[in-house]
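Here are the chains, one letter per residue:
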Amino acid sequence: MSSPKGSSRFFTIGLVASWYSSNIGVLLLNKYLLSNYGFKYPIFLTMCHMTACSLLSYVAIAWLKMVPMQTIRSRVQFVKISLLSLVFCASVVSGNISLRYLPVSFNQAIGATTPFFTAVFAYLMTLKREAWLTYVTLVPVVTGVVIASGGEPSFHLFGFIMCVGATAARALKTVLQGILLSSEGEKLNSMNLLMYMAPIAVVFLLPATLFMEEDVVGITVALARDDIRIVWYLLFNSALAYFVNLTNFLVTKHTSALTLQVLGNAKGAVAVVVSILIFRNPVSVTGMLGYSLTVIGVILYSEAKKRSK
C-alpha cells in the first residue's frame, strides 16, 4: 500500500511532466508547421487552437466538472472578457508569426522578458511601484536579450518585432486581468476565463484569417489530399494548446507560486535545449550568454518581488 504522500508526490511530478511536454510540444510543433513544414498561416493556426480550447474547455467544465462553472454576470463583465480575449489573440498570433522567422531558442529568450513588460504596464496603468531593488533586477533581464539579439545568427527584424509584441501583449493581459476582473463578483478562475475567452477569440480571428490569409481552408484541404498528416498535426497541435492551459491551471493549483515561478524559468531553458537538438539551428556563445543573463535576471526578479511583499 503506497502512502498518500508518496502518491501525491508522483501525481505532482506527473503533472509537471505533462505541463512541460505540452508546453514545449506545442512550441516545437508550431515552429515545425510554420517554418519547416511550410504551413505559412499563423492566424489560421491560432484559430484552430482557440476552437479546440473552446470545445475542450466546455467539455472539461460542463461535462467532466473539473471546476465549477462560473457564469458571466453582466454585460460589462462580458466586454471586459472580450477586451482580454483581444489582447490574448494579439499575443498568440504575434508569437506564432515570430516562430516563422526566428528559432525557438531566440523566441524563448525574448519571451523571458515578460516580467519587464509586466512591471512597466503595472506602473503605467495602476501606478503600482515596486521596490527599487525589483527594478534593478530587470536590468539583466533586458540586457541579456540585447546581447542575445546581437549574437543571434538567425536574427530577423520583423520576427523580432513580432516576438517583442507578443511578449508585451502577454504581460498586458496579465495586468489587465488584475485590473478588470479584480472585484469578487467578477473573478473567474483560469479554466472558466479560457472557456469564455476562446470562443470570443475565434470570432476575432475568423475575419482576420479570411481577410489576411485568403483561401487558407482551400489550401489546407488541398494539402491534406497530398499529405493527410497535416490534418493530424493540426488536430494534435490544437488539442495540445488546450492541454497547455489545463496543465498550467492544475500545476498552479497543486504547487506553490514559488515552485511555479522556478519551474516556469526552467521550462524556457529546457525548451531552448530541446529545440536546438531537434532543429539544429546555429547558436552563438554570445546568444547563449545573453539568454543565461536574462534567465538569471528573471530569477533575481522573482526573489526581489518575494522579499518586497
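About the criteria used
Each chain carries its own residue numbering, running from 1 in the written order of its sequence. Residue-level local features of this predicted model are given only where pLDDT is at least 70; pairs of side-chain atoms are given and counted only at 80 or more, and the full residue set underlies all totals for whole chains, interfaces and linings. In computing side-chain values, all of the structure's heavy atoms are included and hydrogens and water are not. Helix and strand assignments follow DSSP, with helices taken as H or I runs no shorter than four residues and strands as E runs no shorter than two, numbered in order from the N terminus. Residue burial is assigned from relative accessible area. The probe radius is 1.4 Å, only protein chains are included, and a residue is buried under 20% of its type maximum, exposed over 50%, and partly exposed in between. When charges are counted, Lys and Arg are positive and Asp and Glu negative, with His and the chain ends excluded. When a carboxyl oxygen of Asp or Glu is within 4 Å of a side-chain nitrogen of Lys or Arg, the pair counts as a salt bridge. Two N or O atoms form a polar contact when they lie within 3.5 Å of each other; inside protein one atom must be a possible hydrogen donor and the other a possible acceptor, and for residues adjacent in sequence the pair counts only when both atoms belong to side chains. What makes two residues a contact is simply this: any of their non-hydrogen atoms within 4.5 Å. Buried Ala, Val, Leu, Ile, Met, Phe, Trp, Tyr and Cys residues form a nonpolar core when they are joined through side-chain atoms within 4.5 Å. Only the stretch in contact is used when fitting a helix axis, every axis being a line fitted to C-alpha atoms; angles between N-to-C directions are given from 0 to 180 degrees. The cut-offs work like this: below 35 degrees is roughly parallel, past 145 is roughly antiparallel, 65 to 115 is roughly perpendicular, and the gaps in between are oblique. Each crossing gets its handedness from the near helix: less than a right angle anticlockwise from the far helix is left-handed, clockwise is right-handed.

(A) Layout of the side chain of Glu-152. The residue Glu-152 is located in the loop between α6 (132–150) and α7 (157–180) in this model. An unpaired buried charge is present at Glu-152: no salt bridge exists, and Lys-31, the closest side chain of opposite charge, is 9.3 Å distant. At a separation of 3.0 Å, a polar atom in the side chain of Glu-152 contacts the main-chain amide nitrogen of Ser-154. Apart from the residues within four sequence positions on either side, Glu-152 is in contact with Pro-103, Phe-106, Pro-282 and Ser-284.

(B) Structural view of the nonpolar core. Judged by nonpolar contacts, the single largest core of 59 residues is most densely connected at Phe-39, Phe-44 and Ile-81. Listed by contribution, the elements that provide at least two residues to this core are α1 (4–36), α2 (42–63), α3 (75–101), α7, α8 (190–212), α9 (216–226), α10 (229–254) and α11 (257–279). Considering each element in turn, this core owes the most residues, 10 residues, to α8. For Ile-81, the residues in contact, after removing those within four places along its chain, are Ile-72, Leu-181, Leu-188, Leu-193, Tyr-196, Met-197 and Ile-200. Judged by nonpolar contacts, the second largest core, of 12 residues, contains Leu-102, Val-145, Phe-160 and Tyr-291.

(C) Quick peek at the packing of α2 against α10. Packing of α2 against α10 leaves a shortest axis separation of 8 Å and a crossing angle of 55°. Considering the angle they form, α2 stands oblique to α10. Every pair of crossing elements has a handedness; the one defined by α2 and α10 is right-handed. Within the contact between the two elements, α2 uses Phe-44, Leu-45, Cys-48, His-49, Ala-52, Cys-53, Leu-56, Ser-57 and Ala-60 and α10 uses Leu-234, Asn-237, Ser-238, Ala-239, Ala-241, Tyr-242 and Asn-245.

(D) Looking closely at the pattern of salt bridges. Using the criterion set out here, one finds 7 salt bridges in the structure. A salt bridge links Glu-130 to Lys-305; the nearest nitrogen and oxygen atoms lie 2.7 Å apart. Remark: Lys-305 occurs in helix α12 (residues 285–308) and Glu-130 occurs in the loop between α5 (114–126) and α6; sequence separation between them is 175 residues. Assessed through its relative accessible area of 15%, Glu-130 is described here as buried. Assessed through its relative accessible area of 22%, Lys-305 is described here as partly exposed.

Geometry only, nothing functional implied.
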